[in-house]
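Notes for the structure review
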Amino acid sequence: MSISVKRRTVIPPQELLKTLTLSGEEDLDAQIKNWVMWDRNEATLQQVTEAVKDQDWAALRVRLCHRITYLSTGLRGGMRAGFDSLNDVVIIEVAQGICAYLLEVYPSLQKRQTQGVVVGYDGRYNSKRFAQLISTVFVNNDFKVYLFSRMTPTPFIPFTIVTLKCLAGVVVTASHNPKEDNGIKVYWTNGAQAMAPHDQRIHDYMLKNLEPKPSSWETSSLLDNQMVEDPYRQVYPLFYATLKKLVPPIYLETNECSQLRFIYTALHGVGYPFMREAFYQARLKPVIPVAEQKDPDPEFPTLTKPNPEEGREVLKLAIKKAEAEHCTLVLANDPDGDRLAVAELDPRGRWKVFNGNELGALLGWWALENYKTMTAKPAVSNCVMMATLVSSRILAAMARTEGFVFVEAMPSFSWIANRALDLQKSGRTVLFAFEECFGYMFGMSLPDKDGIGAAMQLATMACHLRSTRNVTLIEKLREIYDTYGYHPSVSSVFMADSPDTITAIFENLRNFTDVGGYPNCILEGEFDVVHVRDLTTGLDTSVDDKRARLPVTPEAQLITFTFTNGYMITLRSALNDIKIKVNAEICALPQEKEWEELHDMLNRMTNAVVEEFLKPEENGLTDSSAIQQP
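**Some details on the overall build of the protein chain**
Each helix and strand in the protein chain was counted, giving 21 helices and 23 strands. Taking 2.2 N^0.38 as the reference for a compact globule, 630 residues should give roughly 25 Å; the C-alpha atoms of the protein chain span a radius of gyration of 25 Å, in line with that estimate. In terms of principal-axis extent, the alpha carbons of the protein chain reach across some 80 × 65 × 50 Å. For the protein chain, the proportion of contacts with a sequence separation of at least 24, taken over those separated by at least 6, is 70%. Accessible surface computed for the protein chain: about 25600 Å², of which carbon and sulfur atoms make up 49%. Once the 65 positive and 78 negative side-chain charges of the protein chain are each reduced to a mean point, those two points are 7 Å apart.

What follows is the structure, given as structure tokens:
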């Protein structure tokens with residue numbers, strides 16, 4: 001996975017091309033020539049030239065005639081040679097595109113030289129190298145660059161933008177992807193991840209600036225450069241001071257007196273020293289790290305997938321450590337520190353691994369408690385909590401009882417953060433937002449998910465509950481469901497053989513009945529569909545004008561079915577994807593107390609929707625994750 005960064009000095013590119021016999025296919029040969037002329041990395045250049053010598057035209061066509069796409073979620077891919085992957089050439093191309101777009105938006109030289117951009121990186125192979133290349137491109141265009149000199153969690157990048165009033169920020173990370181991958185995320189001036197129209201403009205400018213400038217390779221220009229500054233010492237104390245302000249002083253005192261201890265795993269990522277400091281600032285007992293996973297390691301040697309969504313499997317060593325230390329709580333960050341997973345030992349000696357929706361329920365309740373504790377005259381009706389449309393509706397149920405405003409969000413944290421900033425500007429107090437895949441934004445100290453701050457809050461909540469009422473997180477979750485209604489959820493992913501199959505499945509759903517239109521029931525009429533929302537076409541039958549209030553995305557597939565008994569299921573697939581993601585939930589009323597029956601109904605209805613709507617056998621779909629409650 002590690003790409004050598006030795007520069008080729010033996011054979012000039014023009015001479016090297018003369019030694020190669022090309023394919024005779026005009027479009028492929030043009031891209032081979034581009035690669036040989038542009039790439040100064042010996043390892044990736046050799047990958048391409050060896051493939052040419054081996055006449056592996058099919059592989060070269062895949063790598064060179066397809067281009068990795070910049071999306072609102074950033075850029076991720078395997079690390080290897082080719083325009084379809086992550087490597088020095090592509091990183092420079094993307095950096096040149098971001099830079100060119102920023103030059104258009106911020107033509108002022110003074111702004112570029114004073115506010116500048118921030119660049120950070122995680123512990124993966126080549127992350128530091130890629131960060132240096134990105135920084136070099138910016139410095140060459142007269143931007144001040146705040147380049148972190150050490151690995152930092154992703155949340156430090158949006159926090160630095162907001163704190164130092166930077167124009168933008170870039171972090172090199174592939175988050176919880178496999179070890180072969182890397183990627184980048186781009187944050188805009190407001191501290192949120194860049195989304196429309198910025199994502200498309202960045203992609204367009206990248207395509208206009210593909211050839212790496214010779215100066216873009218000269219990372220030595222970063223040395224002793226007055227335009228390059230490490231913001232770590234300035235930002236580090238401010239980050240924790242801001243997190244600490246979100247904890248009421250009375251809870252800090254509770255933390256100091258609590259004997260509750262926590263096992264922590266960084267999953268071979270960057271999180272441990274930052275989580276250690278968070279616990280110190282919150283006056284919590286020091287975290288007990290899982291030694292084998294404490295330090296950054298790009299090989300992720302103890303994990304198949306360093307992803308909190310893998311549940312018990314990814315927490316196996318942490319749970320083992322907890323049992324050895326007689327601890328009842330386990331915390332885990334993903335490798336770049338922006339997600340949080342939690343497990344707790346129940347009184348019967350069984351480990352409960354909370355799913356993302358359950359943690360969202362707990363942290364949402366806690367956010368409201370914090371607000372009421374810290375505010376002399378709470379204006380709950382002016383407060384907002386948010387969750388994505390594929391996440392649990394538990395916050396909506398809570399809002400109906402408590403009086404705050406619930407806002408449903410598109411399934412991306414860039415959308416959540418930008419919407420939250422708009423709400424804040426309009427005078428609202430945004431308390432909390434989450435997505436079901438373990439992303440939590442507690443307050444507006446930084447407009448993105450933050451696994452460090454979320455862990456600090458959750459640990460404080462656990463200490464408060466245990467100290468004041470002798471209640472566990474598991475018991476508190478049951479109290480929340482008892483008060484606001486049981487909200488069990490399930491999820492699954494189905495794989496198809498091609499994007500065309502996905503498109504056909506969704507088009508069939510839109511023309512499902514004999515008279516055309518969407519399915520109106522399952523299990524031969526036992527459960528009826530009451531509303532359909534199709535964000536591909538803009539339909540929402542739950543409102544009078546039948547027009548969806550959330551953004552319409554014609555390039556993606558996204559349909560939500562709501563049934564008469566409170567069951568909701570969303571089926572979605574991204575552009576050119578071969579996956580269909582399924583998210584389902586029953587939103588029970590507080591008076592519905594037969595939780596086991598509701599859980600069984602959830603699974604039965606989800607299986608029925610899958611069989612009747614997706615028709616996996618007929619469409620050749622494979623289930624890559626069993627439908628079950630985590």
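**Here we look at the nonpolar core**
With 131 residues, the main nonpolar core has Phe432, Leu473, Phe561 and Phe563 as its most contacted residues. Residue contributions to this core peak at 10 residues, all from helix H17 (residues 451-469). Ignoring sequence-local partners within four residues, the contact set of phenylalanine 561 consists of Tyr518, Pro519, Val529, His531, Val532, Tyr567, Met568, Ile569, Leu571 and Phe613. Within the second largest apolar cluster, 61 residues are counted, among which are Val119, Met206, Trp217 and Leu222.

**Here's the deal with the packing of aromatic side chains**
Under the defined criterion, the tally for this structure stands at 27 aromatic pairs. Arranged with centres 5.2 Å apart and planes meeting at 70°, the rings of phenylalanine 156 and phenylalanine 274 form a pair that is edge-to-face. Linking phenylalanine 156 in helix H8 (residues 156-164) with phenylalanine 274 in helix H12 (residues 272-281), this pair joins segments that are 118 residues apart in sequence. For the pair phenylalanine 156 and phenylalanine 274, a shared accessibility class is recorded, and that class is buried.

**Some remarks on the packing of H12 against H17**
For the pair H12 and H17, the least separation of the axes is 10 Å and the interaxial angle reads 40°. Two packed elements cross with a definite hand, and for H12 against H17 that hand is right-handed. Counting all contacts with H12, which are made through Phe274, Met275, Ala278 and Phe279, the residues of H17 involved are Gly451, Ile452, Ala455, Met456 and Ala459. When its residues are assigned to classes, the contact of H12 with H17 shows eight nonpolar, one polar and no charged.

**Topic: the pairing of strand S12 (residues 383-388)**
Within S12, six of the six residues are buried, which leaves the element mostly enclosed by the surrounding structure. With five bridges joining them, S12 and strand S14 (residues 429-435) adopt parallel strand pairing. Bridging from a neighbouring strand, valine 384 pairs with valine 430 of S14. For S12 and strand S13 (residues 405-409), the ladder comprises five bridges, and the chain directions are parallel. The residue bridging valine 384 from the neighbouring strand is valine 405, located in S13. In this fold, S12 hands off to helix H15 (residues 394-402), which returns the chain to S13; that crossover is right-handed.

**Observations concerning the pattern of salt bridges**
If you walk through the whole model with that rule in mind, you get 38 salt bridges. Here glutamate 325 and lysine 321 are joined by a salt bridge, their closest N and O atoms 3.3 Å apart. Of this pair, glutamate 325 and lysine 321 both sit in helix H13 (residues 316-325), four residues apart, roughly one helical turn. Look at lysine 321 and you get partly exposed, because its relative accessible area is 27%. With its nearest N and O atoms 2.7 Å apart, the salt bridge here joins aspartate 482 to lysine 593.

**A word on the sheet that holds strand S10 (residues 340-345)**
Taking strand neighbours across the sheet as the criterion, the five strands line up as S8-S7-S9-S10-S11 in an open arrangement whose pairing is mixed. Only two strands of the sheet have a single partner each, and these edge strands are strand S8 (288-289) and strand S11 (351-353). By the bridge criterion, two bridges tie strand S7 (residues 262-265) to S8 in an arrangement that is parallel. If you follow tyrosine 264 over to S8, its bridge partner there is proline 289. Where H12 meets the sheet, its contacts fall on S7, S8 and strand S9 (329-333), and the angle it forms with S7 comes to roughly 155°.

**Quick look at helix H18 (residues 473-484)**
For an α-helix, 3.6 residues make a turn, and residues three or four places apart therefore share a direction. The first and last C-alpha atoms of H18 sit 16 Å apart over 12 residues, in line with the 16 Å expected at 1.5 Å per residue. Among the residues of H18, Leu473, Ile474, Lys476, Leu477, Ile480, Tyr481 and Tyr484 are the ones counted as buried. Relative to the axis of H18, the buried residues are bounded by an arc of 165° and lie together on one face. Downstream of H18 by one or two residues, glycine 485 has phi in the positive range, about 110°.

**A short note on unusual backbone geometry**
Residues alanine 196 and proline 197 are joined by a peptide bond in cis, for which omega reads 5°. Mapped onto the secondary structure, proline 197 falls in the loop between strand S5 (181-187) and helix H9 (198-208). In the Ramachandran plot, aspartate 142 falls in the positive-phi region, its phi being about 70° despite a non-glycine side chain. The partly exposed category is assigned to aspartate 142, whose relative accessible area is 37%.

**Details of the packing of H8 against helix H10 (residues 232-245)**
For any two helices packed against each other, the geometry is given by the interaxial angle and the distance between the axes. Here H8 crosses H10 at 95°, and the two axes come no closer than 10 Å. When the interaxial angle is binned, H8 and H10 end up roughly perpendicular. Contacts between H8 and H10 pair Phe156, Phe159, Thr160, Thr163 and Leu164 from the former with Gln234, Val235, Tyr236, Leu238, Phe239, Tyr240 and Thr242 from the latter. A per-class count over the contact of H8 with H10 returns eight nonpolar, four polar and no charged.

**Considering the environment of asparagine 126**
Mapped onto the elements, asparagine 126 comes out in the loop between strand S2 (117-121) and helix H7 (127-140). A sequence separation of 479 residues divides asparagine 126 from methionine 605, and the C-alpha atoms of the two residues are 46 Å apart.

**Notes on H12**
The buried fraction of H12 is high, at seven of 10 residues. Looking only at H12, the buried set comprises Tyr272, Phe274, Met275, Glu277, Ala278, Phe279 and Gln281. Phi turns positive one or two residues past the end of H12, at arginine 283, with a value near 60°.

**A word on a negative patch on the surface**
Taken together, the side chains of Glu594, Glu596, Glu597 and Asp600 make up a negatively charged region of the molecular surface. When you line up the elements, glutamate 594 lands in the loop between strand S22 (579-586) and helix H20 (595-614).

**A look at the side chain of serine 391**
Relative to the helices and strands, serine 391 is located in the loop between S12 and H15. The contacts of serine 391, once residues within four sequence positions are left out, are Asn357, Phe434, Glu435, Glu436 and Glu585.

**Observations regarding the sheet that holds S12**
On the basis of which strands lie adjacent, the open sheet formed by four strands has the order S13-S12-S14-S15 and mixed pairing. Strands with a single pairing partner mark the edges of an open sheet, and in this sheet they are S13 and strand S15 (439-442). On average, each strand axis in the sheet is inclined to that of its neighbour by 15°, with strand direction left out of account. In the packing of helix H14 (residues 356-374) onto the sheet, contacts are made with S12, S14 and S15, and the angle to S14 comes to roughly 170°. Against the sheet, helix H16 (residues 413-425) touches S12, S13, S14 and S15, its axis set at about 170° to S14.

Rules of the game
Residues numbered from 1 in each chain as written. Predicted model: local features only at pLDDT ≥ 70, side-chain atom pairs only at ≥ 80, totals over all residues. Heavy atoms only, no water. Helix = DSSP H or I, 4+ residues; strand = E, 2+ residues; numbered from the N terminus. Rg over C-alpha atoms; globule rule 2.2 N^0.38 Å. Contact = heavy atoms within 4.5 Å. Areas by Shrake-Rupley, 256 points an atom, 1.4 Å probe, with all protein chains shown as cover. Lys, Arg positive; Asp, Glu negative; His and termini not counted. Charge placed at Lys NZ, Arg CZ, Asp CG, Glu CD. Core = buried A, V, L, I, M, F, W, Y, C linked by side-chain atoms within 4.5 Å. Buried < 20%, exposed > 50% of the residue type's maximum accessible area, 1.4 Å probe, protein only. Phe/Tyr/Trp six-rings, centres within 6.5 Å; stacked < 30°, edge-to-face > 60°. Axes fitted to C-alpha atoms, helices over the stretch in contact; angles between N-to-C directions. Left-handed = near helix turned anticlockwise from the far one by under 90°. Nonpolar A, V, L, I, M, F, W, Y, C, P; charged D, E, K, R; others polar. Pairing = 2+ DSSP bridges. Right-handed = clockwise from strand over helix to strand, strands pointing away. Salt bridge = Lys/Arg side-chain N within 4 Å of Asp/Glu carboxyl O. Expected span 1.5 Å × (residues − 1). Arc of directions from axis to C-beta. Parallel < 35°, antiparallel > 145°, perpendicular 65-115°, else oblique. Patch = residues over 30% accessible without salt bridge, like charges linked within 9 Å, V, L, I, M, F, W, Y side chains within 5 Å.

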